[in-house]
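# Analysis of the macromolecular model
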Amino acid sequence: MTLGRIVSDERRCFEYLLRQLPDYSCPYCHSPDYYIMSRQRVRCKRCRKDTQPLSETRFSLLKIPCSTWLILLKLFELSISALKAEKEAGISYKTALKGYDIIRHAIVENLAENDELLKGEGEADEAYFGGKRKGKRGRGARNKTIVFGILERGGKVSVSIVQDVSAQSLMTETVKRVRRGSIVYTDRWRGYDSLMFCGYKHLNIDHWYKFKQGKVYINGIEGFWSFAKERLIKHHGISRHKFLYYIKEMEWRYNNRGKDLFEVLVELMLH
C-alpha cells in the first residue's frame, strides 16, 4: 500500500483493518456478522451489542484515528524519522515518537516469539555503534555500544547487545542462538577460540591478509552491519536505553527484506 492510497476516510481505513481480522466475531454471541459504526466500533447483527475490535490490539495503545495509524506505519516502513513523520501525519512529534516506539516494541516481541536456533553454516562477528569519537576504533573503543551478530548463510540474522567481546560473552550468545554441531565462521579474534570446545566446527580467516578463502569468510554478516549502519545514521543519535529496539528493528528489516513490510507491520499491530 502506498502513502497515496492511505486516505483520510476513516471508515475505509477502519474497514481495511477489519479485513485483516477475518476470524473476528462478536465476543457475546460469537456471530461473525456486524454493522460498522463510528469511533472504531461495530454492532453485532444478532445481539445488537457494540464492540471495539481494535481494543485488544496494539492500535489501542495510542488514541489516534485508524487513518493516522496507517500513515505512521507507512512512514515507518519507508524509514522516515519521527521528526519528519510529525509533519507528514499531521500530529505532534511526541505522538509520532510514541507511535514509533509502539511499533518497535511490537517488532521486538515478535522476534522473541519466533526466536529459533540458527543452523548449518553461520557467520559471527561484532560491530561497534555510536557517534564518532577520538581514540581507539574497533575492538577496545570506548563509549560504544557493542552488538554481536550471527548470520545463517541463506537464512536469517540474529543480533544482541553485549557488554564486551570476551570469550565468555561471545560463547554465551553463540550457544543461545546457534544449534550445536553447526559450522561457525569468524575472524581471528581470540574470543572465538573456545567455539570448538562448545560443540561447533570453527573456521576463521585473518582479515589482515584476505577477506575470503573458499567458504571461509564473514562477508555476509559484514553486509548486515553496513545495512544497519546506513539506516541508523539517519536518526542522528539514539539514546542507549532505546538502542536495543533500533538494532532489533534492523534485524527484523533484514530478515523480512523482499516482503511487503507494510502488510507485515499491520499484522504485527493486530496481535
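Structure report, in brief. (Residues numbered from 1 in each chain as written. Predicted model: local features only at pLDDT ≥ 70, side-chain atom pairs only at ≥ 80, totals over all residues. Heavy atoms only, no water.)

### Comments concerning the sheet that holds strand β5 (residues 145-152)
A sheet is described by the order of its strands in space; here 5 strands give the open sequence β6-β5-β4-β7-β8, paired in mixed fashion. One side of each edge strand has no neighbouring strand; the edge strands of this open sheet are β6 (157-162) and β8 (201-205). The sheet shows a mean angle of 25° between the axes of neighbouring strands, direction not considered. Here β5 pairs with β6 via 6 bridges, running antiparallel. The residue bridging leucine 151 from the neighbouring strand is valine 157, located in β6. Sitting on the sheet, helix α5 (residues 167-177) touches β4 (121-129), β5 and β6, and the angle it makes with β6 is about 145°. On the sheet, helix α6 (residues 219-232) packs against β4, β5 and β6 and is oriented at approximately 35° with respect to β4. (Pairing = 2+ DSSP bridges. Helix = DSSP H or I, 4+ residues; strand = E, 2+ residues; numbered from the N terminus. Axes fitted to C-alpha atoms, helices over the stretch in contact; angles between N-to-C directions. Contact = heavy atoms within 4.5 Å.)

### Observations concerning the layout of surface pockets
Within this model, the second largest pocket holds a volume of roughly 740 Å³. What lines the second largest pocket is a set of 35 residues, and nearest its centre among them are Asn110, Leu111, Asn114, Asp115 and Lys156. Every element with two or more residues in the lining of the second largest pocket is listed here: α4 (93-113), β6, α5, α7 (240-255) and α8 (261-269). The greatest single-element share of the lining of the second largest pocket, amounting to 6 residues, is contributed by α4. The residue makeup of the lining of the second largest pocket, split by class, is 13 nonpolar, 8 polar and 14 charged. (1 Å grid on protein atoms, 1.4 Å probe; cavity = no way out; pocket = protein on both sides within 12 Å on 5 of 7 lines; lining within 4 Å. Points joined across faces, edges and corners; volume = space filled by probe spheres on them. Nonpolar A, V, L, I, M, F, W, Y, C, P; charged D, E, K, R; others polar.)

### Thoughts on the nonpolar core
It is characteristic of soluble globular proteins that their nonpolar side chains tend to be buried jointly. Ranked by internal contacts, the top residues of the largest apolar core, which has 40 residues, are Trp69, Leu72, Leu73 and Ile103. Listed by contribution, the elements that provide at least two residues to this core are α1 (10-19), α2 (66-77), α3 (82-89), α4 and α8. In terms of residue count, the dominant contributor to this core is α2 (8 residues). Core analysis: the next-biggest nonpolar cluster, separate from the first, contains 21 residues, Phe129, Ile205, Val216 and Ile218 among them. (Core = buried A, V, L, I, M, F, W, Y, C linked by side-chain atoms within 4.5 Å. Buried < 20%, exposed > 50% of the residue type's maximum accessible area, 1.4 Å probe, protein only.)

### With respect to empty space enclosed by the protein
If a probe as big as a water molecule is rolled over the atoms, it shows which places are left empty. Taken as a whole and assessed by the stated rule, the structure comprises 2 cavities of 30 Å³ or more. Approximately 70 Å³ is the volume attributed to the largest cavity. Contributing elements (two or more residues each) for the lining of the largest cavity: α4 and α7. Split into classes, the residues belonging to the lining of the largest cavity amount to 4 nonpolar, 2 polar and 5 charged. One number sums up the size of the second largest cavity: a volume of about 30 Å³. Residue lining of the second largest cavity: Tyr24, Ser25, Cys26, Ser31, Tyr34, Val42, Arg43, Cys44, Lys49 and Thr51, and that is the complete set. Considering every element that reaches the lining of the second largest cavity, the biggest residue donor is strand β2 (residues 42-44), with 3 residues.

### Section: the packing of aromatic side chains
Scanning the model with the defined rule gives 10 aromatic pairs in all. Through a chain of ring-to-ring contacts, three or more aromatic side chains come together here, namely Phe129, Phe224, Trp225, Phe227, Phe243 and Tyr254. The cationic tip of arginine 257 hangs over the ring face of tyrosine 254; the distance from NZ or CZ to the ring centre is 3.9 Å. (Phe/Tyr/Trp six-rings, centres within 6.5 Å; stacked < 30°, edge-to-face > 60°. Lys NZ or Arg CZ within 6 Å of the ring centre and 35° of its normal.)

### Considering the pairing of strand β7 (residues 183-187)
Counting buried positions along β7 gives 4 out of 5 residues, so the element sits mostly inside the fold. As paired strands, β4 and β7 are joined by 3 bridges and run parallel to one another. What sits directly across from glutamate 121, in β7, is isoleucine 183. Examined bridge by bridge, β7 and β8 share 5 bridges and lie parallel to one another. If you follow threonine 186 over to β8, its bridge partner there is asparagine 204.

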